[in-house]
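The lines below spell out each chain.
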Amino acid sequence: MKCFSRYLPYLFRPPSTILSSSCHTEADIISTVEFNHTGELLATGDKGGRVVIFQREQESKNQPHRRGEYNVYSTFQSHEPEFDYLKSLEIEEKINKIRWLPQQNAAYFLLSTNDKTVKLWKVSERGRRPEGYNLKDDDGRIRDPSTITMLRVPVLQPMDLMVEATPRRVFSNAHTYHINSISVNSDYETYMSADDLRINLWNLEITNRSFNIVDIKPANMEELTEVITAAEFHPNQCNTFVYSSSKGTIRLCDMRAAALCDKHSKFFEEPEDPSNRSFFSEIISSISDVKFSHSGRYMMTRDYLTVKVWDLNMESRPLETYQVHDYLRSKLCSLYENDCIFDKFECVWNGSDSVIMTGSYNNFFRMFDRNTKRDVTLEASRENSKPRAILKPRKVCVGGKRRKDEISVDSLDFSKKILHSAWHPSENIIAVAATNNLYIFQDKVN
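All of the points below concern the structure found in this document. Small disclaimer: the values here were computed from a predicted structure and weren't measured.

How each quantity is defined
- Residues numbered from 1 in each chain as written.
- Predicted model: local features only at pLDDT ≥ 70, side-chain atom pairs only at ≥ 80, totals over all residues.
- Heavy atoms only, no water.
- Pairing = 2+ DSSP bridges.
- Helix = DSSP H or I, 4+ residues; strand = E, 2+ residues; numbered from the N terminus.
- Axes fitted to C-alpha atoms, helices over the stretch in contact; angles between N-to-C directions.
- Phe/Tyr/Trp six-rings, centres within 6.5 Å; stacked < 30°, edge-to-face > 60°.
- Buried < 20%, exposed > 50% of the residue type's maximum accessible area, 1.4 Å probe, protein only.

Topic: the sheet that holds strand 9 (residues 108-113)
Here is step 1: Overall, antiparallel pairing links the four strands, which are arranged 8-9-10-11 in an open sheet. In this open sheet, the two strands that pair with only one neighbour each are strand 8 (97-100) and strand 11 (155-171). With direction set aside, neighbouring strand axes in the sheet form an average angle of 25 degrees.
Here is step 2: Sheet analysis places strand 8 next to strand 9, joined by four bridges and oriented antiparallel. Looking at the pairing, Ile98 lines up with Ser112 of strand 9.

What follows is the structure, given as C-alpha cells:
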C-alpha cells in the first residue's frame, strides 16, 4: 500500500489553541473537518463554536515541496452558547458539521451548524480600500463643508489583505432535537438538516420556512425504538437522499414519490448472525456515519466495529465489510462502562472511491484499499509526526507474545480517538483531527 504507508505529516493547531496537547480546554477539541470542493481550503469546527479555515500554499519555484502545506486563512466565531428559556435547556456552541457550497465567484460560502441553528457564512477577501472622500478625512472625521473648494473622485488604494467572514443567512427554530447532519443538495439551491427524529429541507435563500420530509416521531414517545443518526443527499440525483438509524438500517428515499418521505424507496439491512448476538449487539450496530461515493453508485456506513460498502442496487447485504478494530470485541464491557462504546466515528472516501478511511482509538486511523483488499493502521501523534517524515504502519497485538513494533490491546489509550477526518477531493491529502490537534498528511513527494 505504497500511498498509505508513505505519507508526509504536517501538524497544525488552530490559532486559538495555544496550550500544549496535555493542557487543552474542552472548547479547543475539534468536532468537524471538511475540505471544500477544490481542496484548496480546509475548514475545522470546534466545541467552542469557532471555525478555522486553512488555505493551501501556492507552489513556488524556490520551494516546490511546500505546495501541500496548509496555513491559517481565516478564523471566526460561528456560534455562541444560548439558553432556551421555554425548555430551560442550554444550547452548546459546539460545531457539529460544516459543509461547503461550490464556489460561484471570488467569495466562499459554507454552512455550519450547532445543535439547533444552521448558519450560512460568506468568506471573502478585501485587498483595497476607498480613499479621497469629499465629506470626511481619511481618518474618518467629518470635514467642514465651508472648507470644501473642489470635488474629488474617491479612489481604491491597495491595503493589507483582509479575510472577512460574514453571516448571510441564519436558519433557526426548526429542530426540537439535536441536529446531527447537514447536506447540500446537488441542485445547490437546497440543503437538508437532520436531527434525531426529523429531517427538514431548506432553500438556501429562505430562512423562515423549511419543509419536513422525514418524521419518525411516534405518537407515544414510549414506543420510540430508533433514531436518525446521519443523512446525506445523493451527489448527482437531487431527488434522492439516505438516512441511517440507530438500529443499523439505511433508508433511501425519493422526494418525487411524496412530499413526506416516511415510506422509503429502498431499505438496506444486513441480517444479524444469531451466533454473534450479545447484550451489546444493538449498540454496536448503530450507524454513526453514512457517505455516498463520488460516483453515486455506492454508499459507505460506519458502525462501532466495522465499515461497510453498499451497492445501491443490492439491499440484502453489504458488498464489502471491513473490520476496523475487531480486537475490541472482547473489551465491549469496559467500553460500555466508560461510555466509549457510544463514540461516533466518521468515514471518508478518497477521490476515486478506491480507498476508504476511518478512525479508531489510540489516535490510530485505518485505510482500506478496495481493489487490493489490503489495509493499514497509521497513527496521528506529535511524537512520530515530524515534518516530511514517513509514517510507519502500526499493529495491535491481541494475545500471545508481543513483537517489538506492536502495541498491546490492553495498552490502547481510549481517551485518544480519531472521530473526524477528511480526504482531499482529488489528491492523496488527508486531514485527521485528534482531540485539539489537526494533522494533515500527504502522499510522498520526491
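Continuing now.
Re the packing of aromatic side chains
Here is step 1: Under the counting rule described, the total for this entry stands at 21 aromatic pairs.
Here is step 2: Ring centres of Phe76 and Trp121 lie 4.6 Å apart, and the angle between their planes is 40 degrees; on these two criteria the pair is classed as tilted. One end of the pair, Phe76, is in strand 5 (residues 70-77); the other, Trp121, is in strand 10 (residues 118-131), and 45 residues separate them in sequence. Comparing Phe76 with Trp121 shows no difference in burial state: the two are buried.
Here is step 3: A ring pair is formed by Tyr322 and Phe368, whose centres lie 5.0 Å apart and whose planes are at 35 degrees; its orientation type is tilted. Linking Tyr322 in strand 23 (residues 320-323) with Phe368 in strand 26 (residues 364-369), this pair joins segments that are 46 residues apart in sequence.

Digging into the sheet that holds strand 12 (residues 181-184)
Here is step 1: What the four strands build is an open sheet, ordered 12-13-14-15; its pairing is antiparallel. Unpaired on one side and paired on the other, strand 12 and strand 15 (211-215) mark the two borders of the sheet. Neighbour-to-neighbour, the strand axes of the sheet open up by a mean angle of 20 degrees, direction not taken into account.

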